[in-house]
Amino acid sequence: MDYAFLRAHDAVRESTPLIQCLTNKVVSNVTANALLAIGASPAMVDTPEESREFAQVASGVLINCGTPSSEQYGGMREAIAGANSAHTPWVLDPVGAGGLSHRTEFMREVLPLGPGAIRGNASEIIALAGTGQGGRGVESTDGVEAALDSAVALSRDTGAVVAISGPRDLIVHVGDTTRAVYLESGHPMLQNVIGTGCSLGAICAAYLAAWEDPFEAIIAAHAHVGAAGSVAAEKHHAPGSFAVAWLDALYDVPPADIEGLVKLTDVEGI
Amino acid sequence: MDYAFLRAHDAVRESTPLIQCLTNKVVSNVTANALLAIGASPAMVDTPEESREFAQVASGVLINCGTPSSEQYGGMREAIAGANSAHTPWVLDPVGAGGLSHRTEFMREVLPLGPGAIRGNASEIIALAGTGQGGRGVESTDGVEAALDSAVALSRDTGAVVAISGPRDLIVHVGDTTRAVYLESGHPMLQNVIGTGCSLGAICAAYLAAWEDPFEAIIAAHAHVGAAGSVAAEKHHAPGSFAVAWLDALYDVPPADIEGLVKLTDVEGI
Amino acid sequence: MDYAFLRAHDAVRESTPLIQCLTNKVVSNVTANALLAIGASPAMVDTPEESREFAQVASGVLINCGTPSSEQYGGMREAIAGANSAHTPWVLDPVGAGGLSHRTEFMREVLPLGPGAIRGNASEIIALAGTGQGGRGVESTDGVEAALDSAVALSRDTGAVVAISGPRDLIVHVGDTTRAVYLESGHPMLQNVIGTGCSLGAICAAYLAAWEDPFEAIIAAHAHVGAAGSVAAEKHHAPGSFAVAWLDALYDVPPADIEGLVKLTDVEGI
């Protein structure tokens, strides 16, 4: 596989994309810090009054449904409308899809509006694709491999790159051709720090904004986050210090090192 | 005193209880990380639409009144109803009780609904028990010892284990018998990090979910949090690095070490 | 210049001012920790029902418009009314002024109500003073020097100390006399950690509460935050570990060292 797309890393730093995050209150701080660390510029504008206006000037938008208040739902609708009117890419992070019916309805409402990428765990992607039984909140109870058919279906139906986080990540895009890879990187300790997955959703938006090919952009985003996890895990074995080191590594892992820290495998037979 | 209940530590790790937190926005991140660190699984579901549904599948619920929006009050009512219908334990953290009249009314409303535990500082517990003059926001201006009668009365009236955080903690349960202990552990530096007390409330819910005897569960939760504070204070003397080390220690303090890091003293004459 | 006002540092520690923060959800945790680190006591009370009551007992109030929900706008109005009725100083942090019209309207509404200080970046201050073209969210696209006239005008119109954060800070007060200084301190890495500027707004409120001369109070607040940034930057070169060290340094930088870590220069010709 051609790793040229790892240059997307530099493209983010050079363009400092402005990423509007409508995200859950648990992770807004770590998400903003993660965006700063990779060279993007975060803005957490999420009210109904301001979200459309801001999305029209943002470089990318994140819609994360982790703690959706009624006002934030309104903000999300406005942000998506603003992003679409400006042809700005937006990412859907379907936290809790399937396990929680109210937010799942909202996600089904916005799915046809053209997200550039959808990033979740296997249970969430299966639920969104309409084939699963729902999850246990934000945890995945399904394996990544079990979600392959759902990911393909969801990408075909929406046009989005679909990314599933797990022990190894799966990234799928059904466009003119169908492309799908497994990505091995990172470290299980990433699961012990809240917000690493949600931050990855925001980072996907930054890479989509900075790199033309959306499939490559999403792979590069996952590679960056996972490689930073590997670097952090070499130094720290408990979640407090690991989280600090992960943020440091997002900031200073050399692009040239990322290639050696991730392993990509084409998915066969799709 | 029999320290066998320190096995509750392992019980949490083995059962990975799913803890739904309806908590204040200041501490939601550290609370989620603290739950992950002790082996529990956090979910910050707190909207009116989703809270009842989720509480029915959660292992335990935290109600923390630190920054209560009108929607979150609605979510809290639904979560309590859902928890009670599923016989799931819930913990009340009465942040600011007495000092702030609007939230104190809400707490008085839910007190008769059967919390498994109530965890606060001395001023808050005195205010809830109806005998005090109110506090100064989230700070305690009363000593733990001065709150003993209030704690006994509050436990008798509600059936909850009542826990008071302070230089030494006081834990009281009035059931078939009356049990009360002082617990010395932790370090004053815990007071310099926002969210350690609020995280303890969530951790109480995790221990209640994983350990049958509620009095022992709440002691074990306090011992875990306090011992982690002692471990962290051995290494760091300023709040930023202490907070990181505390989270690390929540994750990796050996259960066998906790016994040596806490001192329990029966309360006489109650 | 007389550095005697650096004693304000000790005044904060001795009086432990209670600072009510109505701030954005992204930074509420780091803001509370920063206040604890400098010896103040944070309280994040921001609902319409409780904000007036609490502001009447608080020592200082922060109004930060970073993620303003409709309820929080209500809380801000109540907090300002409560603060003014009790002659308690309040600080306005006009996050996103100019770039976002809805919140800018709110800021223009409360500007005549007598903030003790206004702290923002150059774009925000220019927008508030009515002379600029608006900013790009929370980033500054104007230089500090370009905002001098706006700062003077805004201070004259409101009576507030006006502080602009940038590569060097500018602090202006138009009272019986006009005073203005540039303050060099800190480190560019502070820009890579979310919430350092917002925390500075809260710290300004603490210094206003503890020190009589408002111009000196705001300089001392900036010196404290900037000096802590310098101390942290000596040890760490990536944002995760820098943020931890900055919080440590806010806690333990010796007041006697702060003088050597900042450089004040009178602004000529105003």
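The structure presented is a predicted model; accordingly, all values stated were derived computationally and were not measured. (Residues numbered from 1 in each chain as written. Chains lettered and ligands numbered in written order. Predicted model: local features only at pLDDT ≥ 70, side-chain atom pairs only at ≥ 80, totals over all residues. Heavy atoms only, no water.)

(A) Looking closely at unusual backbone geometry. Despite not being glycine, Thr 16 of chain B has its phi angle at roughly 35°, a positive value. Among the secondary structure elements, Thr 16 of chain B is positioned in the loop between α1 (8-15) and β1 (18-22). Positive phi, close to 55°, is recorded for His 87 of chain C, a residue that is not glycine. Within the fold, His 87 of chain C resides in the loop between α4 (70-85) and β4 (90-93). For His 87 of chain C, a relative accessible area of 73% translates into the label exposed. (Helix = DSSP H or I, 4+ residues; strand = E, 2+ residues; numbered from the N terminus. Buried < 20%, exposed > 50% of the residue type's maximum accessible area, 1.4 Å probe, protein only.)

(B) Local environment of the relation of the copies chain B and chain C. Laying chain B over chain C is done by rotating through 120° and shifting 0.0 Å along the axis; what remains is an RMSD of 0.0 Å. One copy is carried onto the other by what is essentially a three-fold rotation axis. Distance from the rotation axis, computed per C-alpha, reaches its smallest value in chain B at Lys 25 of chain B: 3.8 Å. Of the residues that chain B buries at the interface, just 7% are likewise interface residues in chain C, meaning the two copies contact each other through different surfaces. (Least-squares fit on C-alpha atoms with pLDDT ≥ 70 in both. Contact = heavy atoms within 4.5 Å.)

(C) Seen up close, the interface of chain B and chain C. With 29 residues of chain B at the interface, the matching set in chain C holds 27 residues. Summed over both sides, the interface of chain B with chain C buries roughly 2200 Å², with 56% coming from carbon and sulfur. For the pair chain B and chain C, the number of links is two salt bridges. With its nearest N and O atoms 2.5 Å apart, the salt bridge here joins Lys 25 of chain B to Asp 46 of chain C. Scanning the region where chain B abuts chain C turns up eight residue pairs in polar contact (both at pLDDT 80 or more). Secondary-structure elements contributing two or more residues to the side of chain B that touches chain C are α4 (70-85), α5 (101-110) and α10 (239-252) of chain B. It is α10 of chain B that contributes the most residues to the side of chain B that touches chain C, four residues altogether. (Buried area = accessible area lost by both parts, 1.4 Å probe. Salt bridge = Lys/Arg side-chain N within 4 Å of Asp/Glu carboxyl O. Polar contact = N/O pair within 3.5 Å; in protein donor to acceptor, adjacent residues only side chain to side chain.)

(D) Region of interest: the pattern of salt bridges. A complete count under the given rule lists 23 salt bridges over all chains for this structure. Across the salt bridge formed by Arg 103 of chain B and Glu 50 of chain C, the nearest N and O atoms sit 2.6 Å from each other. In this pair, Arg 103 of chain B sits in helix α5 while Glu 50 of chain C sits in the loop between β2 (41-43) and α3 (51-55), so the two residues belong to two different chains. The pair Arg 103 of chain B / Glu 50 of chain C is uniform in exposure class, with both members buried.

(E) Molecular detail of the pairing of strand β1 (residues 18-22) of chain C. Residues and elements named next belong to chain C. Taking burial as the measure, the five residues of β1 include five buried ones, the bulk of the element. Of the two faces of β1, the one carrying Leu 18, Gln 20 and Leu 22 and the one carrying Ile 19 and Cys 21 are both buried. For β1 and β2, the ladder comprises three bridges, and the chain directions are parallel. Bridging from a neighbouring strand, Gln 20 pairs with Ala 43 of β2. Handedness of the crossover joining β1 and β2 through helix α2 (residues 28-38): right-handed. Taken together, the four bridges between β1 and strand β3 (residues 60-64) define a ladder with parallel strand orientation. Counted as the bridge partner of Gln 20 is Val 61 from β3. (Pairing = 2+ DSSP bridges. Right-handed = clockwise from strand over helix to strand, strands pointing away.)

(F) Focus on the side chain of His 173 of chain B. Topologically, His 173 of chain B is positioned in strand β7 (residues 169-174). Looking at His 173 of chain B, its side chain comes within polar contact range of the main-chain oxygen of Gly 159 of chain B, at 3.2 Å.

(G) Representation of the confidence of the model for chain A. Residue and element names in this part refer to chain A. Mean pLDDT over chain A: 93, with 94% of residues reaching 70 or higher. Throughout residues 133-139 the model reports pLDDT below 50, and contacts reaching past four residues in sequence, or to other chains, amount to 21 contacts. Scored as a whole, the predicted complex attains pTM 0.96, and scored at its interfaces, ipTM 0.94. (pLDDT = per-residue confidence, 0-100.)

(H) Looking closely at the nonpolar core. With 190 residues, the main nonpolar core has Trp 246 and Leu 250 of chain A, Trp 246 and Leu 250 of chain B together with Trp 246 and Leu 250 of chain C as its most contacted residues. If sequence neighbours within four positions are ignored, Leu 250 of chain C has contacts with Arg 13, Ala 34, Ala 37, Ile 38, Ile 203, His 224, Val 225 and Ala 228 of chain C. (Core = buried A, V, L, I, M, F, W, Y, C linked by side-chain atoms within 4.5 Å.)

(I) Summary view of the sheet that holds β7 of chain B. All names here are of chain B. Here we have nine strands laid out as an open sheet, ordered β2-β1-β3-β4-β5-β6-β7-β8-β9, and mixed in their pairing. Taken across any chain shown, the strands that pair with only one partner, and hence form the sheet edges, are β2 (41-43) and β9 (263-266). Ignoring which end each strand starts from, the neighbouring axes of this sheet average 20° apart. With four bridges connecting them, strand β3 (residues 60-64) and strand β4 (residues 90-93) associate as parallel partners. Opposite Val 61, over in β4, you have Trp 90 as the bridge partner. (Axes fitted to C-alpha atoms, helices over the stretch in contact; angles between N-to-C directions.)

(J) View of the interface of chain B and chain A. Chain B puts 26 residues into the contact, and the matching count from chain A is 29 residues. Buried surface at the junction of chain B and chain A, both sides included, amounts to about 2200 Å², of which 56% is carbon and sulfur. Broken down residue by residue, the surface that chain B buries against chain A is led by Leu 36, Glu 50 and Tyr 251 of chain B, which jointly contribute 23%. Linking chain B with chain A are two salt bridges, by the criterion used here. Viewed at the interface, chain A and chain B are joined by eight residue pairs in polar contact (both at pLDDT 80 or more). At the level of secondary structure, the elements contributing two or more residues to the side of chain B that touches chain A comprise α2 (28-38), β2, α3 (51-55), α4 and α10 of chain B.

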